[in-house]
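Now for the letters of each chain:
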Amino acid sequence: MKNNNILTTAIILLFLAHFEGARINTNEDRYPSPRMVILGATGVGKSSLANVLLGRDKNYEGREFSNGCFHVSTGLDSVTKDTCADQGYWLGDSNMQRFTVIDTPGFGDQLVEEEKTIENLVTTLRDEIKYVHVFIIAFKQTDNRMTNSLRSMISLFEKMFGNKFWDNAILEATHWNHGTDAERIRQASQPALTQKFWTDEFNRILKKEYNLQKDLKSIFIDTFYHHESSHESDIFTNNSQALLDFSLSRKAFQCKDIEIALTEIMQLQNDLENLKKEEEDKQNVIDSLTEEKLRLEETLDHYGLTTAAPLPEKHSGTEYCARNRCYTP
């Protein structure tokens, strides 16, 4: 009986050790699941969304973080310079799900200088976060057409993450005011700017230009909603819950295979540099042959040598006459 108790205790201890090891290996304590990455152009409201999901003020200044992480600014330049993760309770409610949100720098304002930004995003997700449940692709309400900047940004995401990242992606319309006046203005547009129309348009464009196979879901979380309005508060709660439910339903996207991709402008720059290098190589060959020719000419002049003149062509024969119309009397 005593031996059986010892054996049972040993099995329990081994199980607990294995369980704790698994928790350490999956870094769940540091980055509790679900894990959400917010992607989007500069000024779209990524940091504001991240702060609200964590229960902080939408205009949080990010004092606890470096390099502008989670800092909200009204300026046009990107404030967030690095990819940063923070964790907490959903909407700051300790009775809700713990989760991780990853704030990222904006894309599209200075594509030529974004090489370090891209490298930091990839290395952070691949080496620290390790896996992600949802990629929130944020667009402004007014982004109802695909500009060159947005097109380049989406191409970059697809290059970095691969086609499978679409399975974990969801659209977020920022600055979508749910007040009565804002809704009236949207309805007065031609065609009416409804949530369905906005979502359908983006899905149509993404399917046409990228490797999206099925429609993406969308959420309309307004971080500036009127807290005293029960209508706007309910919409905020419902859309936030829809995001949480979506993240919990997704199979984790493994970040181990993501790559450091190049923006289209950076790729063109590399192609231009390669062409310049090829041109320089050709010029070096020409210069080398020219120098060799001059050296040989100097050698011939020094020894008084000349090259033999070519032998004159015989002005006879059927071949010559065929070309020069010989006349034979």
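Conventions we followed
- Residues numbered from 1 in each chain as written.
- Predicted model: local features only at pLDDT ≥ 70, side-chain atom pairs only at ≥ 80, totals over all residues.
- Heavy atoms only, no water.
- Phe/Tyr/Trp six-rings, centres within 6.5 Å; stacked < 30°, edge-to-face > 60°.
- Helix = DSSP H or I, 4+ residues; strand = E, 2+ residues; numbered from the N terminus.
- Buried < 20%, exposed > 50% of the residue type's maximum accessible area, 1.4 Å probe, protein only.
- Lys NZ or Arg CZ within 6 Å of the ring centre and 35° of its normal.
- Pairing = 2+ DSSP bridges.
- Contact = heavy atoms within 4.5 Å.
- Axes fitted to C-alpha atoms, helices over the stretch in contact; angles between N-to-C directions.

## Side note on the packing of aromatic side chains
Applying the stated criterion to the full structure yields 14 aromatic pairs. Note on Phe135 and Phe253: the rings are 5.3 Å apart at their centroids and 80° apart in plane angle, and the pair reads as edge-to-face. Here Phe135, found in strand β5 (residues 134-140), pairs with Phe253, found in strand β8 (residues 253-254); they are 118 residues apart in sequence, far enough to count as distant. Take Phe135 and Phe253: they sit in the same class, and that class is buried. Ring plane angle 65° and centroid distance 5.6 Å describe the contact between Trp198 and Phe220, whose orientation is recorded as edge-to-face. A residue pair is termed long-range when its members are at least 10 positions apart, and Trp198 in helix α6 (residues 195-209) and Phe220 in the loop between β7 (218-219) and α7 (230-249) qualify at 22 residues. For Trp198, a relative accessible area of 1% translates into the label buried. By the ring-pair criterion, three or more aromatic residues cluster together here, those being Phe135, Phe157, Phe161, Phe165, Trp166 and Phe253. The ring of Tyr60 has Arg56 sitting right over it, with the charged end atom 4.4 Å from the ring centre.

## What to know about the sheet that holds strand β2 (residues 84-89)
The strand order across the open sheet formed by six strands is β2-β3-β1-β5-β6-β7, and the pairing between neighbours is mixed. Bordering the open sheet on either side are β2 and β7, each of which pairs with just one other strand. Bridge count between strand β6 (residues 169-174) and β7: two bridges; the pairing is parallel. Within β7, the residue paired with Glu172 across the bridge is Ile219. Across the sheet, helix α2 (residues 46-53) touches β1 (35-40), β2, β3 (98-103), β5 and β6, and the angle it forms with β1 is around 155°.

Fair warning: the whole summary comes from geometry, so function is off the table for now.
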